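# A look at the structure
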Amino acid sequence: NIDVSGKNVAVFGVGDQASYSEYYCDAAGELYDLFEAAGCKMMGFTSTDGYEHDSSKAERDGKFVGLMCDEDNQYDMSEDRAKAWVEQLKGEGFF
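Remember, predicted model here, so these are calculated numbers, not experimental data.

Let us now look at the pattern of salt bridges. For the structure shown, the criterion picks out four salt bridges. Put simply, Lys 57 and Glu 30 hold a salt bridge, and the shortest N to O gap is 2.9 Å. Of the two residues, Lys 57 is situated in the loop between strand 3 (46-47) and strand 4 (59-60) and Glu 30 in helix 1 (residues 26-37); the sequence distance between them amounts to 27 residues. Using a relative accessible area of 40% as the deciding quantity, one classes Glu 30 as partly exposed. Note that Asp 33 and Arg 60 form a salt bridge whose closest N and O atoms lie 2.4 Å from each other. Of this pair, Asp 33 sits in helix 1 while Arg 60 sits in strand 4, placing them 27 residues apart in sequence. For Asp 33, a relative accessible area of 37% puts it in the partly exposed group.

Spelled out as structure tokens, the structure:
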């Protein structure tokens, strides 16, 4: 077992929001739950605006628990989303 309590953690996920609309990036939400339960400081929440999915375990209070990318349907948006997320993480004191 590794003690990660108090460590900064940011989660990202990749999924297909059209084909898996009811489960979009669920694994990212499951990772979030595990790290949060281990006492990690969770960072990097992002807006769900611009996504078209029905539900996701990666949503908390209307936001994603981190960066979610859809390389099948929105591949042209991933690079900008990633760059913006890194800048956000810098501002949150992640690094």
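With that settled, consider the sheet that holds strand 4. Pairing between the strands of a sheet is mediated by backbone hydrogen bonds and can be parallel or antiparallel. Read across the sheet, three strands follow the order 3-5-4 without closing on themselves; strand pairing throughout is antiparallel. Either end of the sheet is taken by a strand with one partner, and the two such strands are strand 3 and strand 4. Across two bridges, the pairing between strand 3 and strand 5 (residues 63-64) is antiparallel. Bridge pairing links Thr 46 to Phe 64 in strand 5.

What characterises a pair of aromatic rings is the spacing of the ring centres plus the angle enclosed by the ring planes. Under the criterion given, the structure shown has five aromatic pairs. A centroid spacing of 5.7 Å and a plane angle of 90 degrees characterise the contact between Tyr 32 and Phe 45, whose relative ring orientation is edge-to-face. Linking Tyr 32 in helix 1 with Phe 45 in the loop between strand 2 (41-43) and strand 3, this pair joins segments that are 13 residues apart in sequence. What makes Phe 45 partly exposed here is its relative accessible area of 24%. Here a set of aromatic residues connected by ring pairs shows up, and it is made of Tyr 24, Tyr 51 and Phe 64. Positioned over the ring face of Tyr 51 is Arg 81, at 4.0 Å from the centre of the ring.

Another aspect to go through is helix 2 (residues 75-91). Between its first and last C-alpha atoms helix 2 spans 25 Å; for 17 residues at 1.5 Å apiece the expected length is 24 Å, and the two agree. Within helix 2, the full set of buried residues consists of Ser 78, Arg 81, Trp 85 and Leu 89. Elements that come into contact with the buried residues of helix 2 comprise strand 1 (8-14), strand 2, strand 3 and strand 6 (66-69).

With that out of the way, let us pick up the sheet that holds strand 6. Spatially, the three strands line up as an open sheet ordered 2-1-6, and their pairing is parallel. A single partner strand is all that each edge strand has here, and the edge strands are strand 2 and strand 6. Pairs of neighbouring strands in the sheet enclose a mean axial angle of 30 degrees, with direction left out of account. Direction of pairing for strand 1 relative to strand 2: parallel, over a ladder of three bridges. If you follow Val 9 over to strand 2, its bridge partner there is Met 42. The strands that helix 1 touches are strand 1, strand 2 and strand 6; relative to strand 1, the one it contacts most, it runs at about 165 degrees.

Rules of the game
Each chain carries its own residue numbering, running from 1 in the direction its sequence is written. Given that the model is predicted, a residue must reach a pLDDT of at least 70 before its local features are reported, and side-chain atom pairs must reach 80 or more before they are shown or counted; all residues, however, enter totals for whole chains, interfaces and linings. With hydrogens and water set aside, each side-chain value is computed from the structure's full complement of heavy atoms. The rule for a salt bridge is simple: a side-chain nitrogen of Lys or Arg has to be within 4 Å of a carboxyl oxygen of Asp or Glu. In DSSP terms, a helix is any run of H or I states spanning at least four residues, a strand is any run of E spanning at least two, and both are numbered starting from the N terminus. The buried label goes to any residue with under 20% of its type's maximum accessible area, the exposed label to any with over 50%, and the partly exposed label to all in between, with areas taken from a 1.4 Å probe on protein chains only. Whether two strands pair depends on DSSP finding at least two bridges between them. What counts as a ring pair is set by centres within 6.5 Å for rings of Phe, Tyr and Trp (its six-membered ring), and what kind of pair is set by the plane angle: stacked under 30 degrees, edge-to-face over 60, tilted for all other angles. Here, over-ring charges are defined by two tests on the NZ atom of lysine or the CZ atom of arginine: distance to the ring centre within 6 Å, and angle to the ring normal within 35 degrees. A helix is expected to span 1.5 Å multiplied by its residue count minus one. In what follows, a contact means two residues having at least one pair of non-hydrogen atoms within 4.5 Å. Helix axes are fitted only over the stretch in contact, all axes being lines through C-alpha atoms; the angle between N-to-C directions runs from 0 to 180 degrees.

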